[in-house]
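These are the residues of each chain, in order.
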Amino acid sequence: MRTLCSSTLIGEFFVIGFAALVAMKDPDLSTATVWLVSGIAMVLCVVLCGVVTRPGGIAFGWALQIALIASGVFVPTMYFMGAVFAALWWASVHYGRKIDAAKARFAAQADPAPRPSAPGADTA
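Engineer: It is not clear to me how the layout of surface pockets should be interpreted in this structure. Could you clarify?
Structural biologist: Vacant regions in the atomic arrangement are exposed by a probe of water-molecule size rolled over the atoms. The space that makes up the largest pocket amounts to roughly 550 Å³. Surrounding the largest pocket, 24 residues form its lining, Val37, Ser38, Ala41, Ala67 and Ser71 being those nearest its centre. Breaking the lining of the largest pocket down by element, the ones donating at least two residues are helix H1 (2-23), helix H2 (31-51) and helix H3 (57-70). The dominant element in the lining of the largest pocket, judged by the number of residues it contributes, is H2, at 9 residues. Counted by class, the lining of the largest pocket contains 21 nonpolar, 3 polar and no charged residues.

Here's what the structure looks like:
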């Protein structure tokens, strides 16, 4: 799951950066504000890559997806891009969990439980 979710988050990192470039053209938004908000969102994407498997990581990822969709207020294309990345996030979580479960099953089948050795037996 970590690989799929991290890939989605890194993709979002770049999309947020490009959206910031578009938002800078809006005369109602200051450049400093655009880059502060976008920079925070971009850093969150990178940080979430590292904590996605910890408790609350997936929930924070969903919060980022909602914020990405909400950014469509300032850059209308982000409604579409946010929805696309929310779908990718769902797929990453859903299929990532299935892949992790399959890996665990295969590992359990391939590695039978070790038999305890008799005391004094040479294990070399």
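Next comes the rest of the account.
Engineer: It is not clear to me how the side chain of Thr8 should be interpreted in this structure. Could you clarify?
Structural biologist: Note that Thr8 resides in helix H1. Those residues in contact with Thr8 that lie beyond four places of it in its chain are Phe85, Leu88, Trp89 and Ser92.

Engineer: Would you take a moment to explain helix H4 (residues 77-110) for this structure?
Structural biologist: It helps to recall that an α-helix has 3.6 residues per turn; residues three or four apart then point in one direction. In a regular helix each residue adds 1.5 Å, so 34 residues correspond to 50 Å; H4 covers 48 Å between its end C-alpha atoms and thus fits that length. Every buried residue of H4 is listed here: Met78, Gly82, Phe85, Ala86, Trp89, Ser92, Val93, Gly96 and Ala102. The inward-facing, buried residues of H4 contact H1 and H3.

Engineer: When you look at the nonpolar core in this model, what are you seeing that I'm missing?
Structural biologist: Grouped burial of nonpolar side chains is what soluble globular proteins tend to show. Ranked by size, the top nonpolar core spans 23 residues in total, and within it Cys5, Leu9, Ile16, Ile58, Met78, Trp89 and Val93 carry the most contacts. Elements represented by at least two residues in this core include exactly H1, H2, H3 and H4. The biggest single contributor to this core is H1, with 7 residues. In contact with Ile16, other than residues within four places in its own chain, are Ser38, Ala41, Met42, Cys45 and Leu68.

Engineer: Please explain the packing of H1 against H3 as it appears in this structure.
Structural biologist: At a minimum axis distance of 12 Å, the contact between H1 and H3 shows a crossing angle of 30 degrees. Accordingly, the angle class assigned to the pair H1 and H3 is roughly parallel. Along this stretch, H1 crosses H3, giving a crossing that reads as left-handed. On H3, the residues touching Cys5, Leu9, Glu12 and Ile16 of H1 are Ile58, Leu64, Gln65 and Leu68. Taken together, the residues that form the contact of H1 with H3 break down as 6 nonpolar, 1 polar and 1 charged.

What counts, and at which threshold
- Residues numbered from 1 in each chain as written.
- Predicted model: local features only at pLDDT ≥ 70, side-chain atom pairs only at ≥ 80, totals over all residues.
- Heavy atoms only, no water.
- 1 Å grid on protein atoms, 1.4 Å probe; cavity = no way out; pocket = protein on both sides within 12 Å on 5 of 7 lines; lining within 4 Å.
- Points joined across faces, edges and corners; volume = space filled by probe spheres on them.
- Helix = DSSP H or I, 4+ residues; strand = E, 2+ residues; numbered from the N terminus.
- Nonpolar A, V, L, I, M, F, W, Y, C, P; charged D, E, K, R; others polar.
- Contact = heavy atoms within 4.5 Å.
- Expected span 1.5 Å × (residues − 1).
- Buried < 20%, exposed > 50% of the residue type's maximum accessible area, 1.4 Å probe, protein only.
- Core = buried A, V, L, I, M, F, W, Y, C linked by side-chain atoms within 4.5 Å.
- Axes fitted to C-alpha atoms, helices over the stretch in contact; angles between N-to-C directions.
- Parallel < 35°, antiparallel > 145°, perpendicular 65-115°, else oblique.
- Left-handed = near helix turned anticlockwise from the far one by under 90°.

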